[in-house]
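Take a look at the letters that make up each chain.
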Amino acid sequence: MPVQKRSVPKLSDALAETLERRILEGALKSGDRLPAERELAAKLGVSRPSLREAIQKLSSRGLLRSRQGGGTFVTDSLVAAFFDPWQEMVGARPELRADVAELRRMLAGEAAERAARRRTPEDMTRLVQTFTALQGALQSTQNRDGIDTLIASDAAFHQAIAEAAHNALLGHLYAAVLRLLADDIRLNFSELRAVSRAFSLLASQYATLFEAIRDQRPSAARAAVEAHLDFAAESMAQSLRAAARRETAAQRLQGNTDFSGGAAAAISAFSSHA
């Protein structure tokens, strides 16, 4: 009986698989620039032609993008594939925002629970970094730049939790959902600046979530992130109600002014015919 020869994968295919895995796992993120070809080939211990072929394979699939004379970058195609078709629909149909927020709550609960079970020492290093940055941002929110920093820090912390869950699809889907909710998150943080003790409550919620993951308490981590997002949802609802009341009051004021002018004109007209 003839012995079948086992096919040996090409080196470029193995390299492409290695780079792809790093992109899927979040080790290489959207916008990251790969080291120069000579440097990366030396680090991986491969020839430059094999590396070049691997990069071409991933570029053809939309995961990498090369710029003439500018290097090779990771694209956001994995996030954009979900985000792009939904962005316009969510913008055109406000009722979908509640569905997106509900989806985020489901994903966040799963992510926090799994992160508490699966987080590694390296994950904790990143979580400590993002948590520390977030706590600092909460204390520096008196201007527009402060809000921008807070929004970015909040997203980085939640994304670090999602990636510590070690589920590639969850991490990329969560990033897309955060992008869909970007306007709502900005509005909420902006409105909360005027609410007494709101940011101190947020700081406490973030700390409870961080500690639950650090101490590997999955149920507590899920409960903490759900409580945090419920607080955010209620704050958002209050912000929208407050905005609606302000708009109604402004319309009433404008309407009263117009009505008074109309009444005066009517009285004047009636007097002229009397």
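Up top is the structure these notes are about.
Residues numbered from 1 in each chain as written. Predicted model: local features only at pLDDT ≥ 70, side-chain atom pairs only at ≥ 80, totals over all residues. Heavy atoms only, no water.

## Looking at the packing of aromatic side chains
Taken as a whole and judged by the stated rule, the model has five aromatic pairs. Considering the side-chain rings of Phe-131 and Phe-210, the 4.4 Å spacing of their centres and the 5° angle between planes classify their relative orientation as stacked. With a gap of 79 residues between them, Phe-131 in helix α6 (residues 121-138) and Phe-210 in helix α10 (residues 198-214) connect regions that are remote in the sequence. In this structure Phe-131 comes out as buried when scored by relative accessible area, which is 12%. A centroid spacing of 5.9 Å and a plane angle of 90° characterise the contact between Phe-157 and Tyr-206, whose relative ring orientation is edge-to-face. Separated by 49 residues along the polypeptide, Phe-157 in helix α7 (residues 144-164) and Tyr-206 in helix α10 bring together distant segments of the chain. Taking the relative accessible area as the measure of exposure, Tyr-206 reaches 0% and is therefore buried. Clustering of aromatic rings is evident, with ring pairs tying together Phe-131, Phe-157, Tyr-206 and Phe-210. The positively charged end of Arg-67 is found above the aromatic ring belonging to Phe-73, 4.1 Å away from the centroid. Directly above the aromatic system of Phe-83 lies the positively charged group of Arg-179, at a separation of 4.2 Å from the ring centroid. (Phe/Tyr/Trp six-rings, centres within 6.5 Å; stacked < 30°, edge-to-face > 60°. Helix = DSSP H or I, 4+ residues; strand = E, 2+ residues; numbered from the N terminus. Buried < 20%, exposed > 50% of the residue type's maximum accessible area, 1.4 Å probe, protein only. Lys NZ or Arg CZ within 6 Å of the ring centre and 35° of its normal.)

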